[in-house]
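Listed below are the residues making up each chain.
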Amino acid sequence: MLVLAWKMSAKSMGYFSSAEWLKGLTELQCDSVKKLQSKLESLRLYFNDPLAFKSIYRYAYDFARDKDQRSMDIETAKLMLNLLLGKQWKLYTLFAKFIDQSKYRVINKDQWCNILEFSRSIATDLANYDIDGAWPVMLDEFVDWIKNSNS
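Residues numbered from 1 in each chain as written. Predicted model: local features only at pLDDT ≥ 70, side-chain atom pairs only at ≥ 80, totals over all residues. Heavy atoms only, no water.

- Going by what an unreviewed UniProt entry lists, the protein chain is known as Defective in cullin neddylation protein and is assigned to Acyrthosiphon pisum.
- Per its UniProt entry, the protein chain bears the Function (unreviewed entry) comment "Neddylation of cullins play an essential role in the regulation of SCF-type complexes activity." (UniProt positions renumbered as here; feature names shortened; annotations may be inferred.)

See the structure below:
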């Protein structure tokens, strides 16, 4: 559904305007429920394309956050991160535990985008993590939390 919403450029979760619906279905070349059903499996393939996935991931932030807020509440963020990264990022389970124990109650867009880059570029054993890198403080604290947990 997230990929379908992305294709439609939907502004709000759980609601598609007729213009969004028509845009998405036209792009997918679907003029019937049967054709849409036949496209569902191919929509999942977007998760395997790194550029498409990055676009979907970034879209998910604005799609899932409350529109009157600049940041996403932490519970929504955890659910979306689990959906998007839970199966592919080996450190996700630890990250979710860190978030539960942290002071963070919201995630801003910079943190959101950097979580994806961190998940893609930092090794599971953190061997290539650079303490002087330009990561948000949240991710520096996450690395410290892991290292202190392993001590």
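With respect to the domain arrangement of the protein chain
Reasoning step 1: By the assigned domains, the protein chain splits into domain 1 (1-47) and domain 2 (49-150).
Reasoning step 2: Centre-to-centre, using C-alpha coordinates, domain 1 lies 26 Å away from domain 2.
Reasoning step 3: The interface is formed by 13 residues belonging to domain 1 together with 14 residues belonging to domain 2.
Reasoning step 4: Buried surface at the junction of domain 1 and domain 2, both sides included, amounts to about 1,100 Å², of which 74% is carbon and sulfur.
Reasoning step 5: The largest contributions to the domain 1 side of the interface with domain 2 come from Leu-2, Trp-6 and Phe-47, which together make up 53% of the buried area.
Reasoning step 6: Counting the contacts that link domain 1 with domain 2 gives five residue pairs in polar contact (both at pLDDT 80 or more).
Reasoning step 7: Considering only residue class, the side of domain 1 that touches domain 2 consists of nine nonpolar, three polar and one charged. (Domains from an automatic or database assignment. Contact = heavy atoms within 4.5 Å. Buried area = accessible area lost by both parts, 1.4 Å probe. Polar contact = N/O pair within 3.5 Å; in protein donor to acceptor, adjacent residues only side chain to side chain. Nonpolar A, V, L, I, M, F, W, Y, C, P; charged D, E, K, R; others polar.)

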